[in-house]
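Fold and contact review
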Amino acid sequence: MADSSFPAVIAVAVASDPIGSAPKSYCKSAAIGQIKTFDLPVAMSGFSIVQAWHPRMDADPIHRWLRAPIF
């Protein structure tokens, strides 16, 4: 499977023996009844969400709308 998203991790776990890690927010899908979930046995550090864009897009209304939920 070429998709490296969290839903893809869950799909692979449902269809095979390997395990995978995904945020708890992704484990609310219909597949949850078909797989076992558990907390990781080690502490994991958080992650940062970043955005980057060309300065000419600073004032573009649609681009500002798209960036707004992150900030």
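Scroll up a little and you will see the structure.
Read on for an overview of the structure. Only a predicted model underlies this, so the values are computations on that prediction, with no experimental measurement involved.

This part is about the overall build of the protein chain. Counting its secondary structure elements, the protein chain contains 2 helices and 0 strands. Relative to its full complement of 71 residues, the protein chain shows a buried share of 11%. When contacts within the protein chain are restricted to residue pairs at least 6 apart in sequence, long-range pairs at least 24 apart make up 3% of them.

Side chains of Leu40, Val42 and Met44 sit close together on the surface and give an oily, nonpolar patch of about 320 Å² of accessible area. In this structure, Val42 sits in the loop between helix H1 (6-15) and helix H2 (61-67). A relative accessible area of 53% means that Val42 is categorised as exposed.

What follows deals with the environment of Ser25. Looking at where Ser25 falls in the secondary structure, it is placed in the loop between H1 and H2. It is 10.0 Å that separates the C-alpha atoms of Ser25 and Phe6, two residues lying 19 residues apart in sequence.

Below, the discussion takes up the packing of aromatic side chains. According to the stated counting rule, one finds 0 aromatic pairs in the structure shown. A cation over an aromatic ring shows up here: Arg67 above the ring of Trp53, its NZ or CZ 4.1 Å from the ring centre.

What counts as what
- Residues numbered from 1 in each chain as written.
- Predicted model: local features only at pLDDT ≥ 70, side-chain atom pairs only at ≥ 80, totals over all residues.
- Heavy atoms only, no water.
- Helix = DSSP H or I, 4+ residues; strand = E, 2+ residues; numbered from the N terminus.
- Buried < 20%, exposed > 50% of the residue type's maximum accessible area, 1.4 Å probe, protein only.
- Contact = heavy atoms within 4.5 Å.
- Patch = residues over 30% accessible without salt bridge, like charges linked within 9 Å, V, L, I, M, F, W, Y side chains within 5 Å.
- Areas by Shrake-Rupley, 256 points an atom, 1.4 Å probe, with all protein chains shown as cover.
- Salt bridge = Lys/Arg side-chain N within 4 Å of Asp/Glu carboxyl O.
- Phe/Tyr/Trp six-rings, centres within 6.5 Å; stacked < 30°, edge-to-face > 60°.
- Lys NZ or Arg CZ within 6 Å of the ring centre and 35° of its normal.

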